[in-house]
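The lines below spell out each chain.
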Amino acid sequence: MTDLAAVKRTLSAQRVETPSWAFGNSGTRFKVFAQPGVPRSPQEKIADAAVVHKYTGVAPTVALHIPWDKVDDYASLAAYASSLGVAIGAMNTNVFQDDDYKLGSVTNPDPAVRRKATDHLLEAIAIMDQTGSRDLKLWFSDGINYPGQDDLTNRQDRLAEALRETYARLGENQRILLEYKLFEPAFYATDIPDWGTSYAHCLELGPRATVCIDTGHHAPGTNIEFIVAFLLRQKKLGAFDFNSRFYADDDLMAGAADPFQLFRIMYEIVRGNALDPAYGINFMLDQCHNIEAKIPAIIRSVLNIQEATAKALLVDRNALAAAQNNGDVLEANGVLMDAYNTDVRPLLAEVRSDLGLDPDPVAAYKRSGYQEKIVEERVGGQQAGWGA
Ligand code: LRH
Ligand code: MN
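These notes cover the structure that comes with them. Sequence order sets the numbering: in each chain, residues are counted from 1 along the sequence as written. Key to labels: chains lettered from A, ligands numbered from 1, both in the order written. Selection of residues for local features in this predicted model requires a pLDDT of at least 70, selection of side-chain atom pairs for listing and counting requires 80 or more, and totals for whole chains, interfaces and linings are taken over all residues. For side-chain calculations, the full set of non-hydrogen atoms in the structure is used, while hydrogens and water are omitted.

### Some words on the side chain of Thr-197
Definition in use: Secondary structure follows DSSP: runs of H or I at least 4 residues long count as helices, runs of E at least 2 residues long count as strands, and numbering of each begins at the N terminus. We call two residues contacting when some pair of their heavy atoms lies within 4.5 Å.
By the secondary structure assignment, Thr-197 is in helix α6 (residues 195–205). If we skip the residues at most four places from it in the chain, Thr-197 touches Gln-156, Asp-191 and Ile-192.

The following block contains the structure:
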């Protein structure tokens, strides 16, 4: 019999990290639709992240992206975040928007460009020293568009060299999250295209290099929960960039396109006893709200992760193990589906009430008037965006 009290304790201790850039304007190559009330500064992004935490109770950290969140004094930015009840989480580097990086950043044939890119990675660690962040999240858009454009092996050697120098600079409580992506912006070969490539580089680097799984970065049909199970077993899973997609890197709300996949992923996390913040996996969102209001979309995304997690925690593990060991295919699948088909919203409403929160965060946010307030106040100035 599932211990519901234990399930509720686990859910109230769950942690999801929000991405500062999801509060800013974003779009596609066709159009970026600006929205009223969008932040104009890292401080306003952090204020919006604090509102997500206020209504969900489980999002106390916000990831930054450099230079999109560049400030003069990162220690006071961290103090500002703390004054709002949140903390600065992962530090994201950006070696994908500078003209010099057209043919690559740390893999570029030009050593001067590689030096520039590596210096940016080291700069991000210096910022982490000021914000108290643990995670350096590295994603490289590096790749080539045509066969023969560059040497695949030389590019791996250059990448490994930059990663080694970056790893050596890490402080004792800091680590690397190495993100992979199948394609885009490169359309023939990406230098870190899949989990295996990231995993191999992390093994080469050492214990404080782990893999970051962005759920939108796989070929259609990829069994992501298998990757989760495998990396957990290897103790090399460091983080998620949760979002969802119907086709490519759509960056839609987590769980919106495929809630069943999110459930299967969270089941492997629960099965691996890896949900507890002490285990060290950073459950982050990485999304773009191109047409929908951003703060309620992020609140909804946190709720989707909570619902997938609650269902995963309700799996009758003993019955599942018995059916699996008896080779009872239908029974085993049935046990998992029973949990998935359970409406966990009442349970989560109780968890929120126990935390002193409104059981319906989206409705509570709408009633708060915060959206109207920021639309009224945030007039003028430069709205935040990707600046691509
Ligand atoms: C790349 C990516 C990466 C971030 C960016 C905002 O597609 O997933 O994690 O740097 O989105
Ligand atoms: Mn990502």
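### Quick notes on the pairing of strand β10 (residues 282–285)
Selection criterion: Type-normalised accessible area, obtained with a 1.4 Å probe on protein chains alone, sets the label of each residue: buried when under 20%, exposed when over 50%, and partly exposed for intermediate values. Here, a strand pair is defined by DSSP locating no fewer than two bridges between the strands. Here, the term right-handed applies to a crossover whose path from the first strand over the helix to the second runs clockwise when the strands point away from the viewer.
Burial along β10 is two-sided: the residues Asn-282 and Met-284 and Phe-283 and Leu-285 are all buried. Sheet topology places strand β9 (residues 237–242) next to β10; four bridges connect them, and they run parallel. By the bridge assignment, Ala-239 is partnered in β10 with Asn-282. Tracing the backbone out of β9, into helix α8 (residues 259–271) and back to the parallel element β10 gives a crossover that is right-handed.

### What about the coordination of the manganese ion (ligand 2)?
Where we set the bar: Any nitrogen, oxygen or sulfur atom within 2.8 Å of a metal ion counts as a donor, with the limit raised to 3.2 Å for Na, K and Ca, and since water is left out, coordination shells can look unfinished. Square planar and octahedral assignments, for four and six donors respectively, both demand that opposite donors be over 155 degrees apart and that all other angles lie between 65 and 115; tetrahedral needs four donors with all angles between 85 and 135 degrees, and anything else is irregular.
With distances of 2.1 to 2.2 Å, the protein atoms coordinating the manganese ion (ligand 2) are Glu-179 (OE), Asp-214 (OD), Asp-241 (OD) and Asp-286 (OD). Taken together, the six donor atoms surrounding the manganese ion (ligand 2) define angles of 73 to 170° at the centre, an arrangement classified as octahedral. Look at where the donors of the manganese ion (ligand 2) fall in the sequence and you get E-x34-D-x26-D-x44-D. Within this pair, whereas Glu-179 is found in strand β6 (residues 175–179), its partner Asp-241 is found in strand β9, the two being separated by 62 residues in sequence. Here Glu-179 and Asp-241 have matching classes, each one buried.

### Side note on the pattern of salt bridges
Threshold: What counts as a salt bridge is simple: a side-chain nitrogen of Lys or Arg found within 4 Å of a carboxyl oxygen of Asp or Glu.
Inspection of every chain in the model, using the stated rule, returns 27 salt bridges. The partner of Arg-175 in a salt bridge is Asp-135, and the shortest N-O contact between them spans 2.6 Å. Of this pair, Arg-175 sits in strand β6 while Asp-135 sits in strand β4 (residues 135–138), and the two are 40 residues apart along the sequence. Accessibility classification places Arg-175 together with Asp-135 in one group, the buried group. In this structure, Arg-158 engages Asp-150 in a salt bridge whose closest nitrogen and oxygen atoms are separated by 2.8 Å. By the burial criterion, Arg-158 is buried, and Asp-150 matches it. Within this structure, Arg-40, Glu-44, Asp-48 and Arg-378 form a network of salt bridges that share partners.

### Side note on the packing of helix α5 (residues 152–169) against α6
We count it as follows: Throughout, an axis means a line fitted to C-alpha atoms (over the contacting stretch in the case of helices), and angles, computed between N-to-C directions, take values from 0 to 180 degrees. For classification, angles of less than 35 degrees are called roughly parallel, those exceeding 145 degrees roughly antiparallel, those between 65 and 115 degrees roughly perpendicular, and all remaining angles oblique. Put simply, a crossing is left-handed when the front helix is turned counterclockwise from the back one by less than a right angle, and right-handed when it is turned clockwise.
Relative to each other, α5 and α6 sit at 50°, their axes nearing to 10 Å. The angle between α5 and α6 places the two elements in the oblique class. For the pair α5 and α6, the crossing hand works out as right-handed. Note on element contacts: α6 touches α5 through Thr-197, His-201, Glu-204 and Leu-205, opposite Gln-156, Leu-159, Ala-160, Leu-163, Arg-164 and Tyr-167.

### Here we look at the packing of aromatic side chains
Each aromatic ring pair is described using two quantities: the centre-to-centre distance and the angle formed by the ring planes. Here is the rule: By convention, a stacked pair of Phe, Tyr or Trp rings (six-membered ring in the case of Trp) has centres within 6.5 Å and planes under 30 degrees apart, an edge-to-face pair has planes over 60 apart, and any other such pair is tilted. Here, a charge over a ring means that NZ of Lys or CZ of Arg falls within 6 Å of the ring centre while also lying within 35 degrees of the ring normal.
Counted by the stated rule, this structure contains 17 aromatic pairs. Between Phe-183 and Phe-187, the ring centres sit 6.1 Å apart and the planes meet at 50°, which makes this aromatic pair tilted. With centroids separated by 6.1 Å and ring planes inclined at 15°, the aromatic side chains of Phe-260 and Phe-263 adopt a geometry described as stacked. Placement of both Phe-260 and Phe-263 in helix α8 is noted, with a separation of three residues, approximately one turn of the helix. Accessibility expressed as a relative area gives 26% for Phe-260, which makes it partly exposed. Three or more aromatic residues joined by ring pairs form one cluster here, namely Trp-21, Trp-68, Phe-96, Trp-139 and Trp-386. The ring of Tyr-167 is capped by Arg-208, whose NZ or CZ atom sits 5.9 Å from the centre of that ring. A cation over an aromatic ring shows up here: Lys-311 above the ring of Tyr-340, its NZ or CZ 4.6 Å from the ring centre.

### A look at the site of ligand 1
Filter applied, for reference: Definition of nearness: a residue and a molecule or strand are near each other if at least one heavy atom of the residue lies within 4 Å of the molecule or strand. Pairs of N or O atoms are called polar contacts if they sit within 3.5 Å, as long as, within protein, a hydrogen donor faces a hydrogen acceptor (for residues adjacent in sequence, only side-chain-to-side-chain pairs). For the accessible areas, the method is Shrake-Rupley and the probe is 1.4 Å, while residue cover comes only from the protein chains on display.
Every residue near ligand 1 is listed here: Trp-21, His-65, Lys-137, Trp-139, Glu-179, Lys-181, Asp-214, His-217, Asp-241, Asp-249, Asp-286 and Trp-386. The contact in question runs from an oxygen atom of ligand 1 to an N or O atom on the side chain of His-217, over 3.2 Å. For ligand 1, whose free accessible area comes to 300 Å², the fraction covered by protein is 97%.

### So, the environment of Leu-275
Inspection of the secondary structure assignment puts Leu-275 in the loop between α8 and β10. Judged by its relative accessible area of 9%, Leu-275 falls in the buried class. Along the backbone, Leu-275 and Pro-109 are 166 residues apart, and their C-alpha atoms lie at a distance of 41 Å. Setting aside chain neighbours within four positions, we find Leu-275 in contact with Thr-10, Gln-14, Met-266, Ile-269, Val-270, Phe-283, Thr-309 and Leu-313.

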